[in-house]
Amino acid sequence: MRMTDRDANRLELILQLIADIERRLATMPIEMFLADRDERDLTAYRLATIGEETRQLSDSLKKRHDLPWIQIYGMRNVVFHDYVSVDPDLIWGVAKNRLSALEAMCRAELDERES
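Below is a short write-up of the structure. Here the residue numbers are simple positions, counted from 1 along each chain's written sequence. Where totals are concerned, whole chains, interfaces and linings use all residues; where local detail is concerned, this predicted model gives features only for residues with pLDDT of at least 70, and gives and counts side-chain atom pairs only at 80 or more. In computing side-chain properties, one takes all heavy atoms of the structure into account and sets aside hydrogens as well as water.

The next point concerns the packing of helix α1 (residues 5-25) against helix α3 (residues 37-55). Each axis is a line fitted through C-alpha atoms, and for a helix only the stretch in contact is used; angles between axes span 0 to 180 degrees, taken between their N-to-C directions. Counting from the N terminus, the helices are DSSP H or I runs at least four residues long and the strands are E runs at least two residues long. In contact at an axis separation of 10 Å, α1 and α3 are set at 160 degrees when each is read in the N-to-C sense. Between α1 and α3, the interaxial angle falls into the category roughly antiparallel. The chirality of how α1 crosses α3 is left-handed. From α1, R10, L13, I14, L17, I18, D20, I21, R23, R24 and L25 reach across to α3, where they touch E39, L42, T43, R46, L47, T49, I50, E53 and T54. In these notes the angle categories are as follows: under 35 degrees is roughly parallel, over 145 is roughly antiparallel, 65 to 115 is roughly perpendicular, and the rest is oblique. Each crossing gets its hand from how the near helix is turned against the far one by less than a right angle, where anticlockwise is left-handed and clockwise is right-handed. Note on contacts: a residue pair qualifies if any of its non-hydrogen atoms lie within 4.5 Å across the two residues.

What follows is the structure, given as structure tokens:
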């Protein structure tokens, strides 16, 4: 099934947000991250935006991949609607350890579109 331009644009944005997170946190130790509220806020915002973008992906695209879509979107809800309960350690953990599968899915879908 051919991907829509809308899905492709969203996947490209997700990849850019992941790259931005990785670039910022690549050499940053967790202690520095936890002490820097601006960095935590920026990372949380980017994760929330990723959540919103995944929510807007077509159902047909999401059905092709076994990813925790509800949890990805759930991060968006927590950041935007219950910010005071956002756990900085959770933000760090997601940013450092949970984006690779989503990144791989985005790349695979975009590669498939190009072929």
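With that settled, the discussion passes to α1. Each helix should span, by expectation, one fewer than its residue count multiplied by 1.5 Å. Under the 1.5 Å per step criterion, the end-to-end length of α1 is 30 Å for 21 residues, consistent within 8% with the ideal 30 Å. We call a residue buried when its accessible area falls under 20% of the maximum for its residue type, exposed when it is over 50%, and partly exposed in between, using a 1.4 Å probe and counting protein chains only. Among all positions in α1, only D7, A8, R10, L11, I14, L15, L17, I18, D20, I21 and L25 are buried. Those residues of α1 that are buried lie in contact with α2 (30-35), α3, α4 (59-63), α6 (88-97) and α7 (100-114).

With that out of the way, let us pick up the pattern of salt bridges. Definition used for salt bridges: Asp or Glu carboxyl oxygen within 4 Å of a side-chain nitrogen of Lys or Arg. Inspection of the entire model under this criterion finds 9 salt bridges. Two residues, R23 and D20, come together in a salt bridge whose shortest N-O distance is 3.4 Å. In this pair, R23 and D20 both sit in helix α1, 3 residues apart, roughly one turn of the helix. The salt bridge partner of R37 is D41, with a shortest N-O separation of 3.9 Å. Within this pair, R37 and its partner D41 are both found in helix α3, separated by 4 residues, close to a single helical turn. Look at R37 and you get exposed, because its relative accessible area is 52%. Taking the relative accessible area as the measure of exposure, D41 reaches 27% and is therefore partly exposed. Within the structure, one salt-bridge network assembled from shared partners comprises E52, R55 and R76.

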